[in-house]
Amino acid sequence: MTQQIIREATAPAPLEGQQTKAFCAVSAPDEPILNVNNIQGNILGGFNKDYQALLFLEIENPNAFKQWLESQINFIATASEVIAFNRLFKSSRQRQGREGTVKATWVNIAFSFEGLKKLTKDADSFTDASFKAGLAARAANLNDPVDKDGKPIGWVVGGPNNGKVDVLFIIASDDRTDLLEEVSRILESVVAFTDGKGNAKSSGARITFFEEGANLPPPLSGHEHFGNLDGVSQPGIRGRVSENPKELLTPRQNPENPNQGKPGQDLLWPGEFVFGYEDQNNDALKLEDSKGKVVSAGLHWANDGSYLVFRRLRQDVYKFHEFLNNTAANLDTDPQKVSAKLIGRWPSGAPTVRTPEKDAPTLGNDDNANNDFEFNGDDPSKDDFFKNDVVPPSADATGLRCPFIAHTRKTYPRNDKTPGGGGPGPKEIDRSEVTTQTHRLLRRGIPYGPVSPSTPNNPLEDPNFVDRGLHFLAYQTSIEDQFEFVTRFWANNPTFSEPAATNHKVDGKLPLGHDPIIGQSENNKPNGDRTRKFFVHLEDDQNKPVTKELTAPEDWVIPTGGGYFFAPSISALKEVLIK
């Protein structure tokens, strides 16, 4: 097994040469010191590995499991280790111009509410009702396909007819051989556990599900199965990793805005993602002055922990590409352009707000530029349409560049007017942005399954069924107000965001609709009509603007499993969950 790097390290120091960069001179003495030696590594640092596996366990004998769990704690990676390694990896890649010079294998752990109840008597003190109910029980509320009794249909993990998922292990590595060695170590210890004296013991657990995920091979590296660059827009996080006020978790790389990390990456208070720190103040008047109160999960030992949402999302690549191809033919345009309008980004990651009619890979590959835009406000247009300027700042209050229904706009409306803005008035835009930032997620997903031969320009159906999709993973401190809010009130809501689209009607209709990628119809019972409708605006091959309401007759992203979990701190593992 590849040894984890910097085991039990102190908070990571800047790498050599890092202090020479101007953004590192930014000081933030009022931001909290994050307990990076106690927080699990995937939460704030993000594993960012090419290979990742998910292992689920049922706890059958809590007392035996506690003894087994104690033997695993030293393998759990901390934020300190992961942040330090990620900085080293990035520095080495930049200096040598290639990857693979350093590598590591990481492990993190999380527990369902039912799992925690088996390990501690005070689990009922958790305050998030969705966490306690579990994802399967909330599936109907999320418009997932369910049976007549409201139970999810077609799930392979986490459902009522699957094995229990009390425990989730996330194992990630730069090398698949190293990944499988670490997986084997854990599996063998579950099946044939021996204590420190070599005595055979029961682990108190059984394996209920296992699945690998992996970064897709070139040319789709970093992309999801539909062909689009994934994980582009992540929140910046306020906070320091040491006593030094310049040792920031998120480096400040935008000299024009001290409240951003990279340009366009707004900084949020860490309590949005980790318990025990200040969160965003939902009642603030402006984003730059939105420090909230210390957030609690209901138990003191939950500090430095985070809720984790897991969704296994199967992607029907052929049907999605077929829709793009057929729509493009009807609108006399290119399938990739239709895709860009549904996503809000081109395959390279370039945002349509900045390059509405053609891809710009240089922009898409520049993480100091590919998020540098807003939605509210308008750049000058010509003949009611926009050409590619690729010059910030770009905005699109009309929804002409990036439709109001685009996946990236529906799930993160930035400074769009929303119901959270409180209605028309001088404070509406600022208040909308303040409330939007209370619904963000730290996404840590990775694809699973083989690459499809299909493309938007040449849709190809697999001769036999192939299961491929995304392991969606996201951290937050309120499942109700973050993951479920985004899903229910934004992605699944065909009238969101009405305040943004007001005064921009097309043929008397507001150009709104479902999120075309992950949005789901409320008709989720057996034989229910899963049709979704949404408006797009693009330019055809004769350079004429076209606005059209499209109809998707079926889902292209299908939930097939999942669960709600809690990722505890290292101290909670040692002092509470094994006692």
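Scoring rules and cut-offs
Residues numbered from 1 in each chain as written. Predicted model: local features only at pLDDT ≥ 70, side-chain atom pairs only at ≥ 80, totals over all residues. Heavy atoms only, no water. Helix = DSSP H or I, 4+ residues; strand = E, 2+ residues; numbered from the N terminus. Buried < 20%, exposed > 50% of the residue type's maximum accessible area, 1.4 Å probe, protein only. Contact = heavy atoms within 4.5 Å. Areas by Shrake-Rupley, 256 points an atom, 1.4 Å probe, with all protein chains shown as cover. Lys, Arg positive; Asp, Glu negative; His and termini not counted. Charge placed at Lys NZ, Arg CZ, Asp CG, Glu CD. Polar contact = N/O pair within 3.5 Å; in protein donor to acceptor, adjacent residues only side chain to side chain. Axes fitted to C-alpha atoms, helices over the stretch in contact; angles between N-to-C directions. Parallel < 35°, antiparallel > 145°, perpendicular 65-115°, else oblique. Left-handed = near helix turned anticlockwise from the far one by under 90°. Phe/Tyr/Trp six-rings, centres within 6.5 Å; stacked < 30°, edge-to-face > 60°. Lys NZ or Arg CZ within 6 Å of the ring centre and 35° of its normal. Pairing = 2+ DSSP bridges. 1 Å grid on protein atoms, 1.4 Å probe; cavity = no way out; pocket = protein on both sides within 12 Å on 5 of 7 lines; lining within 4 Å. Points joined across faces, edges and corners; volume = space filled by probe spheres on them.

Notes on the overall build of the chain
Secondary structure assignment for the chain yields 15 helices and 17 strands. On the principal axes, the C-alpha backbone points of the chain span a range of 80 × 55 × 45 Å. Per-residue burial for the chain yields a buried fraction of 57% across its 579 residues. Sequence separation of 24 or more characterises 71% of the internal contacts of the chain that already satisfy a separation of 6 or more. Summed over all atoms, the accessible surface of the chain reaches about 23400 Å², with 48% contributed by carbon and sulfur. Within the chain, one finds 64 positive and 78 negative side-chain charges whose respective centroids are separated by 2 Å.

Looking at the environment of D462
By the secondary structure assignment, D462 is in the loop between β13 (446-448) and β14 (469-476). Filtering out sequence-adjacent residues up to four positions away, D462 remains in contact with P453 and R468. At a separation of 2.8 Å, a polar atom in the side chain of D462 contacts the side chain of R468.

Examining the packing of helix α8 (residues 317-331) against helix α9 (residues 335-343)
At a minimum axis separation of 8 Å, α8 and α9 run at an interaxial angle of 115 degrees. For the element pair α8 / α9, the angle class is roughly perpendicular. As α8 runs across α9, the sense of the crossing is right-handed. Across the interface between the two elements, F320, F323, L324, N325, T327 and A328 of α8 pack against P335, V338, S339 and L342 of α9.

Description of the packing of aromatic side chains
Under the criterion given, the structure shown has 27 aromatic pairs. Summarising the aromatic geometry, the rings of F113 and F131 are spaced 5.9 Å apart at their centres and angled 70 degrees between planes, so their arrangement reads as edge-to-face. Of the two residues, F113 sits in helix α4 (residues 113-119) while F131 sits in helix α5 (residues 129-133), which places them 18 residues apart along the sequence. Side by side, F113 and F131 carry an identical accessibility label, which is buried. On the basis of an interplanar angle of 50 degrees and a centroid distance of 4.8 Å, the ring pair of F323 and W556 is categorised as tilted. In this pair, F323 is assigned in helix α8 and W556 in the loop between β16 (545-552) and β17 (557-567), connecting sequence segments 233 residues apart. The two residues F323 and W556 agree in class, both being buried. Taken together, F113, F126, F131, F275, W301, Y307 and F566 form an aromatic cluster joined through their ring pairs. The aromatic ring of F75 is capped on one face by R185, whose charged end is 3.5 Å from the ring centroid.

As for the pairing of β16
Strand direction decides the pairing type here: strand β15 (residues 532-539) and β16, joined by eight bridges, are antiparallel. Along β16, the bridge assignment pairs R532 with A552. Adjacent in sequence and paired antiparallel, β15 and β16 are bridged by five residues, among which N543 carries a positive phi angle near 65 degrees.

Quick word on the pairing of strand β2 (residues 105-111)
Of all seven residues that make up β2, seven are buried, and the element is covered over most of its length. Of the two faces of β2, the one lined by T105, V107, I109 and F111 and the one lined by W106, N108 and A110 are each fully buried. As paired strands, β2 and strand β3 (residues 167-173) are joined by seven bridges and run antiparallel to one another. Each residue of the ladder has a partner; that of T105, found in β3, is S173.

Here we look at the layout of surface pockets
There is about 390 Å³ of room inside the second largest pocket. Lining the second largest pocket are 24 residues, and of these S112, E114, G134, G158 and V165 sit closest to its centre. Of the residues forming the lining of the second largest pocket, the biggest block, four residues, is contributed by β17.

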